[in-house]
Amino acid sequence: MRVLKPQGIPVNFDGIERHFLFNINVIDEIQEHFDTDIISAINLIINDKDSELKKKAYDNLCYFVMVLANEDTRIYNKTAKEKRENIDIEYLKEVITHRTAQELLAAILKAFNGSMPQDDNDDPNSTRE
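Everything in this summary refers to the structure shown in the same document.

Analysis parameters
Residues numbered from 1 in each chain as written. Predicted model: local features only at pLDDT ≥ 70, side-chain atom pairs only at ≥ 80, totals over all residues. Heavy atoms only, no water. Salt bridge = Lys/Arg side-chain N within 4 Å of Asp/Glu carboxyl O. Helix = DSSP H or I, 4+ residues; strand = E, 2+ residues; numbered from the N terminus. Buried < 20%, exposed > 50% of the residue type's maximum accessible area, 1.4 Å probe, protein only. Expected span 1.5 Å × (residues − 1). Bend = angle between axes of the 7 residues up to and from the residue. Core = buried A, V, L, I, M, F, W, Y, C linked by side-chain atoms within 4.5 Å. Phe/Tyr/Trp six-rings, centres within 6.5 Å; stacked < 30°, edge-to-face > 60°.

**Here's the deal with the pattern of salt bridges**
Here's step 1: Enumeration according to the criterion identifies five salt bridges in this entry.
Here's step 2: Between R74 and E71 there is a salt bridge; the shortest N-O distance is 2.6 Å. A residue pair is termed a helical-turn pair when its members lie 3 or 4 positions apart in one helix, as R74 and E71 do in helix α3 (residues 51–79) at three residues.
Here's step 3: For R74, a relative accessible area of 37% puts it in the partly exposed group.

**Thoughts on α3**
Here's step 1: Compared with an ideal rise of 1.5 Å per residue, which puts 29 residues at 42 Å, α3 spans 44 Å between its outermost C-alpha atoms and is within 8% of the ideal.
Here's step 2: Of all bends in α3, the biggest is about 50°, found at A57.

**Looking at the nonpolar core**
Here's step 1: Ranked by internal contacts, the top residues of the largest apolar core, which has 31 residues, are F20, F22, I30, F64 and I108.
Here's step 2: It is α3 that contributes the most residues to this core, nine residues altogether.

**Points about the packing of aromatic side chains**
Here's step 1: Applying the stated criterion across every chain, the model contains three aromatic pairs.
Here's step 2: Relative to F112, the ring of F22 lies with its centre 5.2 Å away and its plane at 80°, an arrangement referred to as edge-to-face. Here F22, found in the loop between β2 (18–20) and α1 (24–34), pairs with F112, found in helix α5 (residues 98–112); they are 90 residues apart in sequence, far enough to count as distant.
Here's step 3: For F22, a relative accessible area of 12% corresponds to the buried category.
Here's step 4: Each residue in the set F34, Y63 and F64 is aromatic and connected to the rest through ring pairs, giving one cluster.

As structure tokens, then:
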């Protein structure tokens with residue numbers, strides 16, 4: 001039997017393992033910030049056709065990373081003895097490089113497409129009798 005507790009996608013861009021998870025808190029915050037639906041907001045970080053959007057792509061990516069990382073911190077701090085601090089955009093602009101930006105974008109897309117844990121006995125290619 002599968003445990004239906006989402007785990008998120010593991011990400012490490014600054015020496016701390018975090019988990020990107022698109023829960024309701026994250027989706028609401030991103031939609032409110034960009035004043036659009038979540039799909040349109042994601043398009044703001046992957047759109048490479050519009051030159052105006054390209055100029056803001058890194059800033060938008062930093063915002064996504066900040067929201068996802070801070071939500072992970074909130075969840076982590078509920079049970080951890082040593083509490084983590086939230087991060088801000090300025091910190092992310094210091095630690096994110098072009099290479100890590102590409103990796104973070106891939107992690108964001110993977111997290112958005114689902115991050116439910118797999119049961120050890122679940123073979124997605126098996127047929128049920």
